[in-house]
Amino acid sequence: MAIKLYNTLTKQKENFVPLNGNEVRIYSCGPTVYSFAHIGNFRTYVFVDNLRRILEYNGYTLKHVMNITDVGHLESDSDEGEDKMEKAARKENKSPYEIAKFYTEAFFKDMDKLNIERPEIIAKATEHIEDMLEFAKEIVKNGYGYETSTAIYFDVSKLDKYPVLSNRNIEDQIAGARVDVDPEKRNPYDFAIWIKAPENHIMKWESPWGLSYPGWHLECSAMSRKYLGEVFDIHTGGVDHIPTHHENEIAQSKGAFGKIPAKTWMHVEFLQVDGGKMSKSLGNVYTITQLEEKGIEALAYKLFCYTAHYRTKLNFTFEGAMASQKALNRLRESYIKHLGGNEDIDETIIEEYKQKFLEAVNDDLNLPLAMGIVWEIARNEKKSKKFAEVLLDFDRILGLDLKNSNKYLEKNMQIPEEIAELLEKRKIAREEKNWALSDEIRDEIKQRGYIVKDTKDGVSIEKI
Ligand code: AMP
Ligand code: ZN
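Residues numbered from 1 in each chain as written. Chains lettered and ligands numbered in written order. Predicted model: local features only at pLDDT ≥ 70, side-chain atom pairs only at ≥ 80, totals over all residues. Heavy atoms only, no water.

1. Quick look at the sheet that holds strand β11 (residues 212-214)
Here is step 1 of the chain: The strand order across the open sheet built from four strands is β8-β9-β10-β11, with neighbouring strands paired in antiparallel fashion. The sheet is open, and its two borders are formed by β8 (145-147) and β11, each paired with just one other strand. Each adjacent strand pair in this sheet contributes to an overall mean axis angle of 25°, direction not counted.
Here is step 2 of the chain: In terms of strand pairing, strand β9 (residues 151-154) meets strand β10 (residues 191-196) through four bridges, oriented antiparallel. The residue bridging Ile152 from the neighbouring strand is Trp194, located in β10.
Here is step 3 of the chain: This element, helix α4 (residues 129-141), spans β8, β9, β10 and β11 of the sheet and lies at about 120° to β10. (Pairing = 2+ DSSP bridges. Helix = DSSP H or I, 4+ residues; strand = E, 2+ residues; numbered from the N terminus. Axes fitted to C-alpha atoms, helices over the stretch in contact; angles between N-to-C directions. Contact = heavy atoms within 4.5 Å.)

2. Points about the coordination of the zinc ion (ligand 2)
For a metal with four tetrahedral donors the ideal donor-metal-donor angle is 109.5 degrees, while six octahedral donors give ideal angles of 90 or 180 degrees.
Here is step 1 of the chain: Coordination of the zinc ion (ligand 2) by the protein involves Cys29 (SG), Cys220 (SG) and His245 (NE2), with metal-donor separations of 2.0 to 2.2 Å.
Here is step 2 of the chain: Mapping the donors of the zinc ion (ligand 2) onto the primary sequence yields the spacing C-x190-C-x24-H. One end of the pair, Cys220, is in helix α6 (residues 216-228); the other, His245, is in helix α7 (residues 242-257), and 25 residues separate them in sequence. Take Cys220 and His245: they sit in the same class, and that class is buried. (Donors = N, O, S within 2.8 Å, 3.2 Å for Na, K, Ca; no water. Buried < 20%, exposed > 50% of the residue type's maximum accessible area, 1.4 Å probe, protein only.)

3. Some thoughts on the layout of surface pockets
Here is step 1 of the chain: For the largest pocket, the calculated volume is near 1400 Å³.
Here is step 2 of the chain: Looking at the largest pocket, it is lined by 41 residues, and the ones nearest its centre are Tyr34, His38, Asn41, Lys84 and Lys280.
Here is step 3 of the chain: For the lining of the largest pocket, the elements supplying multiple residues, two or more each, are α1 (39-57), α2 (84-92), α3 (96-113) and β12 (232-238). (1 Å grid on protein atoms, 1.4 Å probe; cavity = no way out; pocket = protein on both sides within 12 Å on 5 of 7 lines; lining within 4 Å. Points joined across faces, edges and corners; volume = space filled by probe spheres on them.)

4. Re the packing of α4 against α6
Here is step 1 of the chain: Interaxial distance between α4 and α6 falls to 9 Å at its minimum, and their mutual angle equals 105°. Overall, the two elements α4 and α6 adopt an arrangement that is roughly perpendicular. Taken together, the residues of α6 that come into contact with α4 (itself represented by Asp131, Met132, Phe135, Ala136, Glu138 and Ile139) are Leu218, Glu219, Ser221, Ala222, Arg225 and Lys226.
Here is step 2 of the chain: Classifying every residue of the contact of α4 with α6 gives six nonpolar, one polar and five charged. (Parallel < 35°, antiparallel > 145°, perpendicular 65-115°, else oblique. Nonpolar A, V, L, I, M, F, W, Y, C, P; charged D, E, K, R; others polar.)

5. With respect to the site of ligand 1
Here is step 1 of the chain: The environment of ligand 1 is formed by 17 residues, the closest being Thr32, Gly40, Thr44, Asp240 and Leu271.
Here is step 2 of the chain: Measuring from a nitrogen atom of ligand 1, one finds a side-chain N or O atom of Thr44 at 2.8 Å.
Here is step 3 of the chain: Take Leu271: an N or O atom from its main chain is 2.9 Å from a nitrogen atom of ligand 1.
Here is step 4 of the chain: Its free accessible area being 490 Å², ligand 1 has 91% of it covered by the protein chains.
Here is step 5 of the chain: A majority-of-atoms criterion places ligand 1 in the largest pocket.
Here is step 6 of the chain: Elements supplying a minimum of two residues to the shell around ligand 1: α1 and β12.
Here is step 7 of the chain: Broken down by element, the residue count for the shell around ligand 1 peaks at four residues, all from α1.
Here is step 8 of the chain: Per-class residue counts for the shell around ligand 1 are five nonpolar, 10 polar and two charged. (Near = heavy atom within 4 Å. Polar contact = N/O pair within 3.5 Å; in protein donor to acceptor, adjacent residues only side chain to side chain. Areas by Shrake-Rupley, 256 points an atom, 1.4 Å probe, with all protein chains shown as cover. Sits in = over half its atoms within 2 Å of the grid points.)

6. A look at helix α16 (residues 435-447)
Here is step 1 of the chain: Taking 1.5 Å of rise per residue, 13 residues should cover 18 Å, and α16 covers 18 Å from first to last C-alpha, within 8% of that figure.
Here is step 2 of the chain: Buried residues of α16: Ser438, Ile441 and Ile445, and no others. Seen from one end, α16 has its buried residues packed into an arc of 65°, which puts them on one side. Facing away from the buried surface of α16 by more than 90 degrees, the exposed residues are Ala436, Glu440 and Gln447.
Here is step 3 of the chain: Elements that come into contact with the buried residues of α16 comprise α15 (417-431), β16 (450-455) and β17 (458-463).
Here is step 4 of the chain: Within two residues after α16, Gly449 carries a phi angle of roughly 100°, on the positive side. (Expected span 1.5 Å × (residues − 1). Arc of directions from axis to C-beta.)

7. Re the sheet that holds strand β3 (residues 23-28)
Here is step 1 of the chain: Read across the sheet, five strands follow the order β7-β4-β3-β12-β13 without closing on themselves; strand pairing throughout is parallel. Either end of the sheet is taken by a strand with one partner, and the two such strands are β7 (121-124) and β13 (262-268). The sheet shows a mean angle of 20° between the axes of neighbouring strands, direction not considered.
Here is step 2 of the chain: In the packing of α1 onto the sheet, the strands contacted are β3, β4 (61-68), β12 and β13, and the crossing angle to β12 comes to about 155°.

8. Regarding the nonpolar core
Here is step 1 of the chain: One finds Leu55, Trp194, Tyr301 and Phe316 to be the most contacted residues of the largest nonpolar core, which totals 135 residues.
Here is step 2 of the chain: The residue makeup of this core includes at least three contributed by each of domain 1 (4-268) and domain 2 (273-411).
Here is step 3 of the chain: The residues touching Phe316, leaving out its near neighbours within four places in the chain, are Ile39, Leu271, Gln272, Val273, Asp274, Tyr286, Leu291, Tyr301, Phe304 and Ala321.
Here is step 4 of the chain: Of all hydrophobic cores here, the second largest spans eight residues; its members include Leu423, Ile445, Tyr450 and Val452. (Core = buried A, V, L, I, M, F, W, Y, C linked by side-chain atoms within 4.5 Å. Domains from an automatic or database assignment.)

9. Points about unusual backbone geometry
Here is step 1 of the chain: Geometrically, the link from Tyr162 to Pro163 is a cis peptide bond, its omega value of 5° lying close to zero.
Here is step 2 of the chain: One can find Pro163 in the loop between β9 and α5 (170-176).
Here is step 3 of the chain: One non-glycine residue, Lys433, lies in positive phi territory at about 60°.
Here is step 4 of the chain: Among the secondary structure elements, Lys433 is positioned in the loop between α15 and α16.
Here is step 5 of the chain: Overall, the relative accessible area of 59% leaves Lys433 in the exposed class.

Structure representation (structure tokens):
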């Protein structure tokens, strides 16, 4: 079945065909590791996980690169302010490398909690300085770059067309632009590919332009070309990347080798909080840990992301996330009930569900529609192992770790202490193969209102 993906570059849904046989090459802009990633960032990575899993489900193999930005991302995306890493380092009295290591580890801990698949290649900017420098030199050699006293700028006026990705009208923007920071820029929308390091700058490298460091946009251009070649299949990021970061990546690739680096550009709409922007000053920037503290699992947040299509804004509220937590537990319970069911279901019904599910996810990742089918199966009155199998099959895309439903339910269930103690005693009895005692304890638990079931995935407990 064809996969349709919306391409920001052409502004339409297109049938997806990989450039290189069965392999799909993807580049995803990764985190800037100067603080904890927030749930808005993770909406974008949940989307990337869905994309990966859908392509895999359809039989493709992946070569997926994600960068870790540990240098060069200034406070504003358009070359203004301090390097985010250095600012955090100063604030926390650590080296930028320590900051990067700490927040990179924290990022992947959250990614694991969200059951997000790891890209095949994770590339740190600071480990690719040589590649970036080569890229910058090519741009300059081809006449697209020029030096000022503070940086090497990309001259956008040299391009046949700029912008190509966003709808922004450059003339309007130039007219409305703020008084420029660097008066040596030839055009207001020229951007830095390489930045000369001020005296007190910590991260800096030798270059033909003295001690300096790469611009943020250049890192993605250099690392994507290194691992995926000049033109690859899909480039992903949040919508905030469209007008500046991705626009500038395209400009750089055109400057270096005359091509737009990716065929399909995909962008995730923003997660909002209480109907508005998530921002530190409003105190509404939440992390996965903060959600967990309120009893919302990372996986429940993932399910929450499926309540809206990735190209529409999603409004986060704690009530909404709590509803997703309850829904997730219900889905797990339904899965377990189906697993224990013996009804025979006609194969054509199963095939119809599979077909509908695949149609939904292959239609530009329509997860809300796909979830409707999941719930139809989950709620089916007929309890059947076949339905459990279908749910597990769909979970290859949903990534909700349904196969471990029991484990999560046990953890989530607030069982009284005395029942927990009895369960522990029964566990010991079973380890000692004292089946009589184990049955006796099970009956006692039943008298107190709970049913214990032993499945191949472990013990499950349900309220009568
Ligand atoms: P950053 O670490 O700031 O470079 O951002 C990492 C990723 O998260 C980028 O792809 C951003 O576009 C994306 N992003 C940032 N804020 C949000 C948000 N509120 N909703 C969805 N994605 C976001
Ligand atoms: Zn990027």
